[in-house]
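Descriptive analysis of the structure
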Amino acid sequence: MKWVGLDQGTAPASEDERFGIDMRLNTKRFALLLAAAGMAVTLTGALSGAARADTNSVMTTCSAQYKVDKAAGKVPANQTWPQYYSTCAAN
């Protein structure tokens with residue numbers, strides 16, 4: 001039987017040779033890929049956490065200001081909280 005891809009026409013010494021796979025190299029590549037994916041997930045989580053903290057800070061500030069303005073009669077009667085918040089958050 002002649003094996004495809006081998007010049008000598010002899011059977012390969014192992015299944016790894018038959019399929020042209022260096023298992024150690026593939027294991028290293030997999031470990032590197034897994035580490036890169038883990039770092040990407042961690043970085044994404046950290047960035048989204050910072051964005052949430054900033055959004056919560058703005059919302060807390062605007063909410064406190066809304067209560068003060070509403071009590072002082074500075075909020076127009078037809079203005080809703082989402083409208084007020086949009087204006088407040090933009091500033």
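All values reported here derive from a predicted model rather than from experimental measurement.

What follows concerns the overall build of the chain. Looking only at helices and strands, the chain has 3 helices and 0 strands in total. Helices and strands appear in the chain in the N-to-C order α-α-α. Here the chain has roughly 7,600 Å² of accessible surface; of this, 62% comes from carbon and sulfur atoms.

Moving on: the confidence of the model for the chain. For the chain, per-residue confidence averages 75 on the pLDDT scale, and 60% of positions sit at 70 or higher. Ranking the elements of the chain by mean pLDDT puts helix 1 (residues 15–19) last, at 59, and helix 3 (residues 81–90) first, at 90.

Bringing the packing of aromatic side chains into the picture now. According to the stated counting rule, one finds 4 aromatic pairs in the structure shown. On the basis of an interplanar angle of 65° and a centroid distance of 5.2 Å, the ring pair of Tyr-66 and Trp-81 is categorised as edge-to-face. Linking Tyr-66 in helix 2 (residues 23–71) with Trp-81 in helix 3, this pair joins segments that are 15 residues apart in sequence. Assessed through its relative accessible area of 15%, Tyr-66 is described here as buried. Ring centres of Trp-81 and Tyr-85 lie 5.4 Å apart, and the angle between their planes is 40°; this geometry places the pair in the tilted category. Within this pair, Trp-81 and its partner Tyr-85 are both found in helix 3, separated by 4 residues, close to a single helical turn.

Conventions used here
- Residues numbered from 1 in each chain as written.
- Predicted model: local features only at pLDDT ≥ 70, side-chain atom pairs only at ≥ 80, totals over all residues.
- Heavy atoms only, no water.
- Helix = DSSP H or I, 4+ residues; strand = E, 2+ residues; numbered from the N terminus.
- Areas by Shrake-Rupley, 256 points an atom, 1.4 Å probe, with all protein chains shown as cover.
- pLDDT = per-residue confidence, 0-100.
- Phe/Tyr/Trp six-rings, centres within 6.5 Å; stacked < 30°, edge-to-face > 60°.
- Buried < 20%, exposed > 50% of the residue type's maximum accessible area, 1.4 Å probe, protein only.

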